[in-house]
Amino acid sequence: MENNKGKIRPCVDFLITQKCNYRCEYCSQSKKFYKNTLHSSDETIEAFLKFIKTLDKDFEITISGGEPLCHPRFFEVIQEIKKQNLKLSVISNFSYPINEYKKIVDIMGENLNELFVSFHFSQVKNIDEFKNKIIEFKNYKPANTKFSTGAVLSDENCNVLKDMVEFLKEAGVNFCLQHMRIKNSYVEYKEEAAKFLAENAAIEPGRVLNTFSKMCNAGFKFLLIYENGDAYRCYSSRFNKAHCLGNIKDKNFKMFDSAMPCMNSKCTCPKPISFNMLDLKHSNLPLAFLFFIKNTVFLPYLILKNFDILKAKLEQGRFLKK
């Protein structure tokens, strides 16, 4: 199924680790809030490498974390992705030496679809060094590899990001300004930051669309795999039992065979809309309500299972509001 925006881009997101060498105050995975950060085990890695061999060759793989480069088997994993002739995107905080990022290019070649790097002002010790790495990687990467930089806006880093935007424009590097969220709610900025956001970031489509019961290919042409091997339909599905696809290490793991109705009133996952997964012209309200009932029954279990994550988000929210 295709929606009215064009061809679907099949994709698998693998969060290979929760560990990170940064301590960003707006990240709930930071050790400031969340203590149980883990790498993918060897068992999970082997299951993932076995799984990607079953994918159609039009699937893209995105590896993120945490900080994916801190996983000891990161380069081994991307070598296997290249062997399967799949496209790869990597999301990194760009804190490692430039040669590590060049190594990604050397392994993947034209199969490197994108490197998306984050600029975290409170963590970057030398901004000029960060900029020099941007230029060096841009000149090293294949012409078809997309190179983007993202940053989370705050009232405190607004002026620094203004300078970074100008630098990236001159360098010809894509820039993505991100609206800070606290427990899925967007923060309200002071006048200067609010104006900067309005001038440099489009409103996310999922914030204005009513998506409940609309048919979506997430779970069929997209899935999210956490570091422990748990697989979900999308980033919004951790508390939707009907959208849990099992664990890739277990026999119960299975992707959907077709599009299924969305369970969210608003799409809060970054992939379905941008990768043309969502079909707003078709819906299945009866099946959506059956999913809703199933999720309601399992909600206490899901809350208990994800208690540490919920606690981290609560502590993060309290901290940021101060």
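In what follows, the structure referred to is the one given above.
Let us look at the overall build of the protein. Across its full length, the protein carries nine helices and 14 strands. Sequence-distant contacts in the protein: of pairs separated by 6 or more residues, those separated by 24 or more amount to 76%. For the protein, the accessible area works out to roughly 16,000 Å², and carbon and sulfur atoms hold 52% of it.

In the structure shown here, the tally under the stated rule is 10 salt bridges. Linking arginine 73 and glutamate 76 is a salt bridge whose minimum nitrogen-to-oxygen distance equals 2.7 Å. The buried category is assigned to arginine 73, whose relative accessible area is 12%. For glutamate 76, a relative accessible area of 32% puts it in the partly exposed group. In this structure, glutamate 136 and lysine 102 form a salt bridge, with 2.7 Å as the shortest nitrogen-oxygen distance. Taken together, the residues span a long stretch of sequence, with glutamate 136 in helix 4 (residues 127–140) and lysine 102 in helix 3 (residues 98–108) at a distance of 34 residues. When its relative accessible area of 35% is taken as the criterion, glutamate 136 is described as partly exposed.

In this structure the tally under the stated criterion is 11 aromatic pairs. Residues phenylalanine 51 and phenylalanine 253 carry aromatic rings whose centres are separated by 5.3 Å and whose planes lie at 85° to one another, so their mutual orientation is edge-to-face. Taken as a pair, phenylalanine 51 in helix 1 (residues 42–52) and phenylalanine 253 in the loop between strand 12 (244–247) and strand 13 (260–261) lie far apart in primary sequence, 202 residues in all. Each of the two residues, phenylalanine 51 as well as phenylalanine 253, counts as buried. An angle of 55° between the planes, with centres 6.1 Å apart, marks the rings of phenylalanine 94 and phenylalanine 147 as tilted. Here the residue phenylalanine 94 occupies a position in the loop between strand 3 (87–92) and helix 3, and phenylalanine 147 occupies one in strand 5 (residues 146–153), the gap between them amounting to 53 residues. The pair phenylalanine 94 / phenylalanine 147 is uniform in exposure class, with both members buried. Aromatic ring contacts, followed pair by pair, group Phe94, Tyr101, Phe119, Phe130, Phe137 and Phe147 into a single cluster. Taking NZ or CZ as reference, lysine 133 lies 4.7 Å from the ring centre of phenylalanine 94, over its face. Here lysine 221 stacks its cationic end above the ring of phenylalanine 220, 4.9 Å away from the centre of that ring.

Before going further, it helps to examine the packing of helix 3 against helix 4. Viewed as axis vectors pointing N to C, helix 3 and helix 4 meet at an angle of 20°, and their least axial separation amounts to 10 Å. Taken as axis vectors, helix 3 and helix 4 run roughly parallel relative to one another. Between helix 3 and helix 4 lies a crossing whose hand is right-handed. Across from Ile98, Tyr101, Lys102, Val105 and Asp106 in helix 3, the residues of helix 4 making contact are Lys133, Glu136, Phe137 and Tyr140. Residue classes in the contact of helix 3 with helix 4 are distributed as five nonpolar, no polar and four charged.

Turning to helix 1, its buried residues are Thr44, Ile45, Ala47, Phe48, Leu49, Phe51 and Ile52. Looking at the buried positions of helix 1, the neighbouring elements they touch are strand 1 (11–15), strand 2 (60–64), helix 2 (74–83) and strand 10 (222–225).

Tracing the chain through its elements places threonine 145 in the loop between helix 4 and strand 5. The contacts of threonine 145, once residues within four sequence positions are left out, are Gly109, Leu112, Asn113, Glu114 and Leu115.

Within the largest apolar cluster, 73 residues are counted, with the highest numbers of intra-cluster contacts made by Phe48, Ile61 and Phe94. Residue contributions to this core peak at seven residues, all from helix 5 (residues 158–171). In contact with phenylalanine 48, other than residues within four places in its own chain, are Val12, Phe14, Ile61, Val77, Ile225 and Ile248. If you look at the next biggest cluster of nonpolar residues, it comprises 12 residues, including Cys216, Phe222, Cys234 and Leu278.

Next up on the list: unusual backbone geometry. In this model, glycine 65 is joined to glycine 66 through a cis peptide bond whose omega is 20°. By secondary structure assignment, the location of glycine 66 is in the loop between strand 2 and helix 2. Here phenylalanine 94, not a glycine, exhibits a phi torsion of approximately 65°, which is positive. Even without being glycine, serine 213 reaches a positive phi, approximately 75°. Looking at the secondary structure, you find serine 213 in the loop between helix 6 (191–200) and strand 9 (214–216). Looking at serine 213, the relative accessible area reads 5%, which means it is buried.

Because each turn of an α-helix spans 3.6 residues, side chains separated by three or four positions end up pointing in the same direction. Where helix 3 is concerned, the buried positions are Ile98, Tyr101, Lys102, Ile104, Val105, Ile107 and Met108. Of the surrounding elements, those touching the buried residues of helix 3 are helix 2, strand 3, strand 4 (112–118) and helix 4. Note on helix 3: the residue one or two positions beyond its end, glycine 109, has a positive phi of about 60°.

Each value, and the rule that gives it
Positions within a chain are numbered from 1, following the residues in the order the chain's sequence is written. Note on the predicted model: pLDDT of at least 70 is required for a residue's local features to be given, and 80 or more for side-chain atom pairs to be given and counted; whole-chain, interface and lining totals, by contrast, use all residues. Here the side-chain values reflect all heavy atoms present in the structure, with hydrogen atoms and water set aside. Only DSSP runs of H or I covering at least 4 residues are called helices, and only runs of E covering at least 2 are called strands; the numbering of each starts at the N terminus. In what follows, residue pairs with any heavy atoms lying within 4.5 Å of each other are defined as contacts. Accessible surface area values rest on a Shrake-Rupley calculation with a 1.4 Å probe, where residue burial reflects the displayed protein chains alone. Think of a salt bridge as a Lys or Arg side-chain nitrogen and an Asp or Glu carboxyl oxygen that are within 4 Å of each other. Throughout, exposure labels follow a simple rule: accessible area from a 1.4 Å probe, protein chains only, divided by the maximum for the residue type, with under 20% read as buried, over 50% as exposed, and the rest as partly exposed. Pairs were defined over the aromatic rings of Phe, Tyr and Trp, the Trp ring being its six-membered one, requiring ring centres within 6.5 Å. Orientation was assigned from the angle between planes: stacked under 30 degrees, edge-to-face over 60, tilted for the rest. In this analysis the charged atom, NZ for Lys or CZ for Arg, is taken to sit over a ring once it is within 6 Å of the ring centre and within 35 degrees of the ring normal. Geometry is summarised by axes, namely lines fitted to C-alpha atoms with helices restricted to the contacting stretch, and by angles between N-to-C directions that run from 0 to 180 degrees. An angle counts as roughly parallel when it lies under 35 degrees, as roughly antiparallel when it exceeds 145, as roughly perpendicular when it falls between 65 and 115, and as oblique in every other case. If you view the pair so one helix is near and one far, a crossing is left-handed when the near helix is turned anticlockwise from the far one by less than a right angle, and right-handed when it is turned clockwise. Polar here means any residue other than Ala, Val, Leu, Ile, Met, Phe, Trp, Tyr, Cys and Pro, which are nonpolar, and Asp, Glu, Lys and Arg, which are charged; Gly is therefore polar. Buried Ala, Val, Leu, Ile, Met, Phe, Trp, Tyr and Cys residues that are joined via side-chain atoms within 4.5 Å together make up what is termed a nonpolar core.

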